[in-house]
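Residue-level structure breakdown
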Amino acid sequence: MKKEQIVDVLETIATLLELQEENPFKIRAYTNAARSIEAWGGNLRELAEENRLQEIPGVGKAIAGKISELVLTGESTFFAELRSKFPPGILELFGLPGLGAKKIKALYEKLQVGSIADLKKACEMGRVAELPGFGKTTQDKLIATISNRAKHVGSFQLGAVAAEAEELLDDLRQHPGATQVSSAGSYRRRKEIVRDLDFIVATQAPEAITEFFVGHALVESVSARGATKTSVRLHSGIQADLRVVSTAEYPFA
DNA sequence: TAACCGCACTGATTTA
DNA sequence: TAAATCAGTG
DNA sequence: GGTTA
Ligand SMILES: [Mg+2]
Ligand SMILES: [Mg+2]
């Protein structure tokens, strides 16, 4: 498991411990370790193999053990067990302004709210306002926040997908069958928010280009594949469209 | 081993 | 209206 | 949980 993923696990552990109302200092210990590892330049695997993880500030015996497990096996029995105590979607709730561990815990225990979808239903049924610590104002705000959020599903910040886009462009340019390669649409125009990535490739070997595209390491799944247009979903979640044209018509595409 | 780990302040909301 | 609670900020 | 005295 890579460093970024380890950091993510430690942060998730901290969040779930909050839901259990664990000792706040213990919670902070996991958060601190995550920050510290984020800033750590070295290779975690090497450190783990040499039993030197504790050299990282904020990482002691207990957390080092969990990191070793994660780095080497990709899992942690502690984390798995902790995770199993809650529905996966409960983590989404922390992203809603006004909700913290205590309120989320109440929503979960009293209304079995385990995701934003659950919360939406509970709010619409008026159940949330019945809970101690909640009221109609809070319930209405949650409904508003959730519906606003739904509008932005499928949107990506340019910076969040630029690396994938450029890598794809570079690799397409490396392909011997590609004579011209460029981006198009909102990404080409550098819009701050993009909903998909568009690429145009001029080639005499459209089949080979398409094949290369759908087989690329960044591609998560293929949603459509035709003679001139192909759509895939990348690992980041964004959709990428490829248009393949002849060299003659490229200037007009 | 035991103490300490940042914390005050503010605003919004709910409850007494 | 006053106190309490919670989340968020710096 | 980690660090420090
Ligand atoms: Mg250490
Ligand atoms: Mg577009």
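Here, every reference points to the structure presented above.
Residues numbered from 1 in each chain as written. Chains lettered and ligands numbered in written order. Predicted model: local features only at pLDDT ≥ 70, side-chain atom pairs only at ≥ 80, totals over all residues. Heavy atoms only, no water.

**Here we look at the protein's contact with DNA strand D**
Residues in close proximity to DNA strand D total 14 residues, the closest being Lys26, Tyr30, Gly58, Gly60 and Ile63. A share of 80% of the atoms of DNA strand D within 4 Å of the protein falls on sugar and phosphate groups. In the model, a phosphate oxygen of DNA strand D is placed 2.7 Å from a nitrogen or oxygen of the glycine 58 main chain. At a separation of 3.3 Å, a phosphate oxygen of DNA strand D approaches a polar side-chain atom of lysine 66. Of all elements in the fold, only α2 (24-38) and α4 (61-73) reach the threshold of two or more residues within the surface near DNA strand D. Tallied by class, the residues present in the surface near DNA strand D amount to nine nonpolar, two polar and three charged. (Near = heavy atom within 4 Å. Polar contact = N/O pair within 3.5 Å; in protein donor to acceptor, adjacent residues only side chain to side chain. Helix = DSSP H or I, 4+ residues; strand = E, 2+ residues; numbered from the N terminus. Nonpolar A, V, L, I, M, F, W, Y, C, P; charged D, E, K, R; others polar.)

**Observations concerning the packing of aromatic side chains**
Taken as a whole and judged by the stated rule, the model has three aromatic pairs. Relative to phenylalanine 78, the ring of tyrosine 30 lies with its centre 6.4 Å away and its plane at 10 degrees, an arrangement referred to as stacked. Here phenylalanine 78 lies in helix α5 (residues 77-83) and tyrosine 30 lies in helix α2, a separation of 48 residues in the sequence. Here phenylalanine 86 and tyrosine 108 contribute two aromatic rings whose centre-to-centre distance is 6.2 Å and whose plane-to-plane angle is 45 degrees, an arrangement assigned as tilted. Note that phenylalanine 86 is positioned in the loop between α5 and α6 (101-111) and tyrosine 108 in helix α6, a separation of 22 residues in sequence. Of the residues examined, phenylalanine 86 reaches a relative accessible area of 13% and is grouped as buried. (Phe/Tyr/Trp six-rings, centres within 6.5 Å; stacked < 30°, edge-to-face > 60°. Buried < 20%, exposed > 50% of the residue type's maximum accessible area, 1.4 Å probe, protein only.)

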